[in-house]
Amino acid sequence: MTNEAWGQVREELIKRVGKNNYTTWIEPLKLSDLKNGVARFEVPTIFFGDWVQRNYADHIRTQLASTGATVDRIEFAVGTAPVVARPVAAAARPAAKASRPRAADEELPGAPLDARFTFDSFVVGKPNELAHAAARRVAEGGPVTFNPLFLYGGVGLGKTHLMHAIAHELQARRPELRVLYLSAEQFMYRFVQALRDRQVMDFKELFRSVDVLMVDDVQFIAGKDSTQEEFFHTFNALVDANKQIVISADRAPGEIKDLEDRIKSRLQCGLVVDLHPTDYELRLGILQQKVDFYRSQYKGLVLAAGVLEFLAHRITTNVRVLEGALTRLFAFASLVGREITLDLAQDCLADILRSSDRKLSIEEIQRKVAEHYNIRLSDMIGPKRLRNIARPRQVAMYLSKQLTPRSLPEIGRRFGGRDHTTIMHGVRKIEELMTIDSQLADDLQLLRRLLQG
Ligand code: ADP
Ligand code: MG
């Protein structure tokens, strides 16, 4: 079973990680054992095992699991000594240079590219059209016109997708170019390894020998001084040699704290483009594209009109969440054999819909509670201690604690500068009363519903 499963998995892994990565990192692995949810592999060196653990363990696990095996964990051993994968500091030095993987010189093991992240599957809309156009330009592999290309934007807006798309496109159009994609975290990790193994020269050589360098999530190296230093030198060397660099981050260069000024200014020298938060049209476009895929996966499922529009309207946080919602919806509908209607979507995605709801403010809570109890809004924050005013005020305090992420002192400030102990007392009072006062319990339930829509 073991070897048979591994054979199938290896086939599949070529597709996932690409031929080069496969030959360098997967082919040399020997599956020695698979039982009790643990898959054990023999590796040539500790460094090797560590690298595979960090970069390919998830792929391997997923693929093994898809053959029906139970795999909770993957372990690597050199001979009989297990590899300690994390943290970096725990990894020992590889035994001898000769036994290191064929990494440094002839191959360029970057992070695996996601085969789905192509230009074809990237939906272009107003919020990302500039970033998309710039990425396309770089992917042509023509003369370098701006360096670096700096892409930034919030989580899940497509930075990684665009970078992988550039790499795929370059591999297809200009196979002779050496393209290296990796995250800033991996850059640091490899640098630390090189220091530890006294192979900094190899490291420098490798990074200076690429034609296109792509570093994802560069904000990660902020505050990591020696990594920044090395990154700066690598960056300069490549720019001087007129090699293309593509960088992504979660914010603009100038806004990355603890990043050296000289690096910030070099990052700003090229083209800095941001991916804006998605708009309704873009979200709908992405959903429509995904649906075409799901239709082919789940044949015969009926999607009622208006469902996609509803999702695009309600789930505004990020594309990853949007995709997750759709995946769940289709899986659920096919499982229960029902048509995908608005009702089904609301049921099945209740948690996602709730958490992407617009944030409730303390002021809105105060207003609704004041309305409900027929008191003036100013009395919410005023000093009156009469029961018919103090009680609704406590209800508003309680709901503010329950329905917003605000702390007690913050809530106190919004209630006319009251002390946090006063708020705590109010919250406790309501908690106590609602168990014995059914009218109050009903009020709370109604208010909650009104406030949460
Ligand atoms: P980031 O790196 O900015 O956090 P990702 O590139 O990982 O975001 O994107 C998150 C998910 O959303 C991925 O599955 C990606 O394919 C998808 N995605 C983001 N933007 C788009 C888009 N414009 N078209 C299609 N898919 C997108
Ligand atoms: Mg990313």
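What counts as what
- The written sequence of each chain sets the order in which its residues are numbered from 1.
- Chain letters and ligand numbers both follow the written order, the letters beginning at A and the numbers at 1.
- Only residues with pLDDT of at least 70 get local features here, since the model is predicted, and only at 80 or more are side-chain atom pairs given and counted; chain-wide, interface and lining totals rely on the full set of residues.
- For the side-chain quantities, the full set of heavy atoms in the structure was used; hydrogens and water were omitted.
- Salt bridges are defined as contacts in which a side-chain nitrogen from Lys or Arg sits within 4 Å of a carboxyl oxygen from Asp or Glu.
- Strands are runs of DSSP state E lasting at least two residues, helices are runs of H or I lasting at least four, and both sets are numbered from the N terminus onward.
- Exposure classes here rest on a 1.4 Å probe applied to the protein chains alone. A residue is buried below 20% of its type maximum, exposed above 50%, and partly exposed in between.
- Being near a molecule or strand, for a residue, comes down to having at least one heavy atom within 4 Å of it.
- In protein, a polar contact means a hydrogen-donor-capable atom and an acceptor-capable atom, both N or O and within 3.5 Å, with residues adjacent in sequence counting only if both atoms are side-chain atoms; elsewhere, any N or O pair within 3.5 Å suffices.
- All accessible-area figures derive from a Shrake-Rupley calculation using a 1.4 Å probe, and residue coverage is judged against the displayed protein chains alone.
- Residue polarity follows a fixed list, in which Ala, Val, Leu, Ile, Met, Phe, Trp, Tyr, Cys and Pro are nonpolar, Asp, Glu, Lys and Arg are charged, and the others, Gly among them, are polar.
- Boundaries between domains were set according to an automatic or database domain assignment.
- What goes into a patch is any residue over 30% in relative accessible area without a salt bridge, connected to like charges within 9 Å or, for nonpolar side chains (Val, Leu, Ile, Met, Phe, Trp, Tyr), within 5 Å.
- The length a helix should cover is 1.5 Å for every residue beyond the first.
- Residues count as neighbours in contact if any of their non-hydrogen atoms are within 4.5 Å of one another.
- By this definition, two strands are paired if DSSP reports at least two bridges between them.
- Handedness is read with the strands pointing away from the viewer; a crossover is right-handed when the path from the first strand over the helix to the second is clockwise.

Trainee: Can you lay out the pattern of salt bridges for me, pointing to particular residues and giving the numbers?
Mentor: A complete count under the given rule lists 23 salt bridges for this structure. Among the ionic pairs, D58 bridges to R61, the shortest N-O distance being 2.4 Å. Of this pair, D58 and R61 both sit in helix α3 (residues 46-66), three residues apart, which is roughly one turn of that helix. One salt bridge in this structure joins K290 and E323, with 3.3 Å as the shortest N-O distance. Residue K290 is found in helix α10 (residues 280-297), and its partner E323 is found in helix α12 (residues 319-336); the two are separated by 33 residues along the sequence. Judged by relative accessible area, E323 falls into the partly exposed class, the value being 27%. Members of the salt-bridge network, linked through shared partners, are D33, K35, R40, R73 and E75.

Trainee: An account of the site of ligand 1 is needed here, citing residue identities and associated values.
Mentor: The local shell around ligand 1 holds 17 residues, among which V123, G156, K159, T160 and H161 are the closest. Taking V123, its main chain carries an N or O atom lying 2.8 Å from a nitrogen atom of ligand 1. Summarising the interface, the protein chains cover 92% of the accessible area of ligand 1, which totals 560 Å² for the free molecule. Listing elements by their share of the shell around ligand 1, those giving two or more residues are α5 (159-173) and α12. A per-class count over the shell around ligand 1 returns seven nonpolar, seven polar and three charged. Taken domain by domain, the shell around ligand 1 gets at least three of its residues from each of domain 2 (129-274) and domain 3 (280-356).

Trainee: Could you give an account of a nonpolar patch on the surface, naming the residues involved and the relevant values?
Mentor: On the surface, F332, L335 and V336 cluster together into a nonpolar patch covering about 290 Å² of accessible area. Mapping L335 onto the fold places it in helix α12.

Trainee: Describe helix α8 (residues 225-240), naming the residues involved and giving the relevant values.
Mentor: Taking 1.5 Å per residue as the helical rise, α8 with its 16 residues ought to reach 22 Å, and the 22 Å between its terminal C-alpha atoms agrees with that figure. All of the buried residues in α8 are T227, Q228, E230, F231, F232, T234, F235, N236, L238 and V239. Of the surrounding elements, those touching the buried residues of α8 are α6 (184-196), α7 (200-208), β7 (212-216), β8 (244-249) and α9 (261-267). Positive backbone phi, at 60°, marks N242, one or two positions downstream of α8.

Trainee: Could you give an account of the side chain of S400, with specific residues and numbers?
Mentor: Tracing the backbone through its elements, the reader meets S400 in helix α17 (residues 387-403). A relative accessible area of 0% places S400 in the buried class. Apart from residues lying up to four places away in sequence, S400 is in contact with I362, I365, I411 and F415.

Trainee: Before we move on, can you summarise the pairing of β7 with the specific residues and values?
Mentor: Most of β7 sits inside the fold, with five of its five residues counted as buried. Neither face of β7 is exposed, since V212, M214 and D216 on one face and L213 and V215 on the opposite face are all buried. Direction of pairing for strand β6 (residues 179-183) relative to β7: parallel, over a ladder of five bridges. Across the sheet, S183 pairs through a bridge with D216, a residue of β7. As defined by bridge partners, β7 adjoins β8 across four bridges and the pair is classed as parallel. When the bridges of β8 are listed, V215 appears paired with I247. Handedness of the β7-α8-β8 crossover: right-handed.

Trainee: Describe the domain arrangement of the protein chain, with residues and values.
Mentor: When the domains of the protein chain are assigned, the result is domain 1 (3-85), domain 2 (129-274), domain 3 (280-356) and domain 4 (362-452). Computed from C-alpha coordinates alone, the two centres of domain 2 and domain 3 are separated by 35 Å.

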